[in-house]
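Analysis of the macromolecular model
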Amino acid sequence: MVRDIMLNLSRRWVMAQGVIGACLVTGSDKVSSGFGNGDCVLIDLDNHVFAVADGTERHPRSSRMLLERLREEIQSGGKPESIAEWNELLNTIYGAQEYHLKTTFSLVALSKTSSTGRAYIFNGGDSVVFMADNTSGGLFYMSKVNMNFAGRSKSAETVRIVEYDPENTRIVLATDGVQDLLRPFDERMSENIPPILGEHNPAIIPQVISHRIETTKSKLRGYDDIGVLVVDTAWLHSVDKKCIIMGGTTPNQESSYREILTGSCDDSLVHVSKPGNVDLYGGMTIL
């Protein structure tokens, strides 16, 4: 059975029941200031490659440029299957990122051999990657903040391998804005996955995040752009093999997106069913 990928275009949610939840939220001050959304999410279900990036306010599209370049390199040269091959690919995309186009970059690429899962992981900057046991919620991998931003570093640091249980692992990639949602509730990423990211079916996590923002604005006291991607690996093989890039929008794109939202925008869920390249509003692209 193929599990459908569902989109809520007006809220910028991507969902697949029991497998994936991703969302993009523009920071509270960005709307009034007229900035773009520098957070960007890549969901490549054809190759099981997942990434987030967080560009600067001055050049918010830098994150999208990096993730699009990653996708293009994989499409043209194939998905790397060793540390050496991943290092070569990431050095290529880092080397092509101009100095002023600074962005974080976090990647998880999955490869399964027999019953063992192997994750190739890279993290540059203050976005976060972590992996947790889906039964206990205990973290067995969490990335560390560093200064290896794309655009400022011409070469990526070494990719690492983390083994995981394909039947019982949750993967989270998130930009630093997610910390704004955790801090008022003293939820931290240390030994266990935070409840807001660990206690729900991945498909409803975008809704849970939206609900927290709407109901606790006084506690949050403002928040940065938020890009979150949650993947449960057990049923990953059953999801339709699409590729979606969402975010990295310019001020003009954000302005157009908000104009649509104030009109008669459809807030319902739609299937990802169209082939080829489809550009949708809100910085969402189906490849």
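The residue count restarts for each chain, going from 1 along the sequence in the order it is written. Totals for whole chains, interfaces and linings use all residues, but because this is a predicted model, local features are given only for residues with pLDDT of at least 70 and pairs of side-chain atoms are given and counted only at 80 or more. Where side-chain values are given, they derive from all heavy atoms of the structure, hydrogens and water being excluded.

With that settled, the discussion passes to the overall build of the protein. Assigned secondary structure in the protein consists of eight helices and 16 strands. By the compact-globule yardstick of 19 Å for 287 residues, the protein fits well, its C-alpha radius of gyration being 17 Å. When the backbone C-alpha atoms are referred to their principal axes, the protein occupies close to 50 × 40 × 40 Å. A fraction of 72% describes how many contacts in the protein between residues 6 or more apart in sequence connect residues 24 or more apart. When the accessible surface of the protein is summed, it comes to about 12,400 Å², and 48% of that surface belongs to carbon and sulfur atoms. Side chains of the protein carry 28 positive and 36 negative charges; the gap between the two charge centres is 2 Å. Each helix is a run of DSSP H or I of at least 4 residues and each strand a run of E of at least 2, with the numbering of both proceeding from the N terminus. C-alpha atoms define the radius of gyration, and 2.2 Å times the number of residues to the power 0.38 defines the globule rule. Here, residues are in contact when the closest pair of their heavy atoms is within 4.5 Å. Calculation of accessible area relied on Shrake-Rupley with a 1.4 Å probe; when residues are assessed, cover is drawn exclusively from the protein chains displayed. Neither His nor the chain termini are counted; the positive set is Lys and Arg, and the negative set is Asp and Glu. Note that the charge is assigned to NZ on lysines, CZ on arginines, CG on aspartates and CD on glutamates.

Put simply, a salt bridge is a Lys or Arg side-chain nitrogen that is within 4 Å of an Asp or Glu carboxyl oxygen. Enumeration according to the criterion identifies ten salt bridges in this entry. A salt bridge links Asp180 to Arg183, with the nearest nitrogen and oxygen atoms 3.0 Å apart. Of the residues examined, Asp180 reaches a relative accessible area of 17% and is grouped as buried. To sort residues, take the accessible area from a 1.4 Å probe on protein chains only and compare it with the maximum for the residue type: under 20% means buried, over 50% means exposed, and anything in between is partly exposed. A relative accessible area of 56% means that Arg183 is categorised as exposed. Shared partners join several salt bridges into a network, and the residues in it are Arg12, Glu254 and Arg258.

Here we come to the sheet that holds strand β14 (residues 270-271). Whether two strands pair depends on DSSP finding at least two bridges between them. Strand order in this open sheet of eight strands is β9-β8-β11-β12-β3-β2-β1-β14, and the pairing throughout is antiparallel. Edge positions in the sheet fall to β9 (139-142) and β14, since each of these pairs with one other strand and no more. Direction of pairing for strand β1 (residues 6-8) relative to strand β2 (residues 13-16): antiparallel, over a ladder of three bridges. If you follow Leu7 over to β2, its bridge partner there is Val14.

Of all six residues making up strand β8 (residues 128-133), five are buried, and the element is well covered by its neighbours. Relative to strand β11 (residues 169-174), β8 runs antiparallel, the two sharing six bridges. The residue bridging Ala132 from the neighbouring strand is Arg170, located in β11. Looking at chain direction, β8 and β9 are connected through three bridges and run antiparallel.

Glancing now at helix α2 (residues 62-77). Across its 16 residues, α2 extends 22 Å between first and last C-alpha, which sits within 8% of the 22 Å expected from 1.5 Å per residue. Every buried residue belonging to α2 is among Ser62, Ser63, Arg64, Leu66, Leu67, Arg69, Leu70, Arg71 and Ile74, and all of these are buried. Once α2 ends, the next one or two residues include Gly78, with phi positive near 90°. Multiplying 1.5 Å by the residue count of a helix minus one yields the expected span of that helix.

Here Arg64 shows up in helix α2. Residue classification places Arg64 among the buried positions, given a relative accessible area of 5%. Polar contact criterion, stated in full: a pair of N or O atoms within 3.5 Å, where within protein one must be able to donate a hydrogen and the other to accept it, and residues adjacent in sequence count only if both atoms are side-chain atoms. Engagement of the side chain of Arg64 in a polar contact is seen with the backbone oxygen of Gly247, the distance being 2.8 Å. Beyond its immediate stretch of four places on either side in the chain, Arg64 contacts Cys40, Ile245, Met246, Gly247, Gly248, Gly283 and Thr285.

Here the focus is the side chain of Asp232. Mapped onto the fold, Asp232 is located in strand β12 (residues 226-232). On the accessibility criterion, Asp232 (8% relative accessible area) is buried. Among the polar contacts made by the side chain of Asp232, one reaches the side chain of Asn134 at a distance of 3.1 Å. In this structure the side chain of Asp232 is engaged in a polar contact, spanning 2.7 Å, whose partner is the side chain of Arg170. Ignoring any residue separated from it by four or fewer positions in sequence, one finds Asp232 in contact with Gly18, Val19, Asn134, Thr169, Arg170 and Pro202.

What follows is about the packing of aromatic side chains. Geometrically, a pair of aromatic rings is defined through the distance of the ring centres and the angle of the planes. Aromatic rings from Phe, Tyr and Trp, with only the six-membered ring used for Trp, were paired whenever their centres fell within 6.5 Å, and each pair was classed as stacked if the ring planes differed by under 30 degrees, edge-to-face if by over 60, and tilted otherwise. Under the criterion given, the structure shown has four aromatic pairs. Seen in terms of ring centroids, Trp86 and Tyr120 are 6.5 Å apart; in terms of plane orientation they differ by 35°. Their pairing is tilted. In this pair, Trp86 is assigned in helix α3 (residues 83-95) and Tyr120 in strand β7 (residues 116-124), connecting sequence segments 34 residues apart. Linked through ring pairs, Tyr94, Phe105 and Phe122 together constitute an aromatic cluster. When the ring centre of Tyr99 is taken as origin, the NZ or CZ atom of Arg152, which lies over that ring, is 4.3 Å away. Charge-over-ring placement is defined geometrically: NZ (Lys) or CZ (Arg) within 6 Å of the ring centre, and within 35 degrees of the ring normal.

Before going further, it helps to spend a moment on the packing of α2 against α3. For helices, the fitted line uses only the C-alpha atoms of the stretch in contact; every axis is such a line through C-alpha atoms, and the angle between N-to-C directions lies from 0 to 180 degrees. One way to put it is that α2 packs onto α3 with a least axis distance of 10 Å and a crossing angle of 135°. Taken together, α2 and α3 sit at an angle that is classed as oblique. Judged by the twist between their axes, the crossing of α2 over α3 is right-handed. Residues Leu66, Arg69, Leu70, Glu73 and Ile74 of α2 form the contact with α3, whose participating residues are Trp86, Leu89, Leu90, Thr92 and Ile93. We call two directions roughly parallel when the angle between them is under 35 degrees, roughly antiparallel when it is over 145, roughly perpendicular when it lies between 65 and 115, and oblique otherwise. For a crossing to be left-handed, the near helix must be turned anticlockwise from the far one by less than a right angle; the clockwise case is right-handed.

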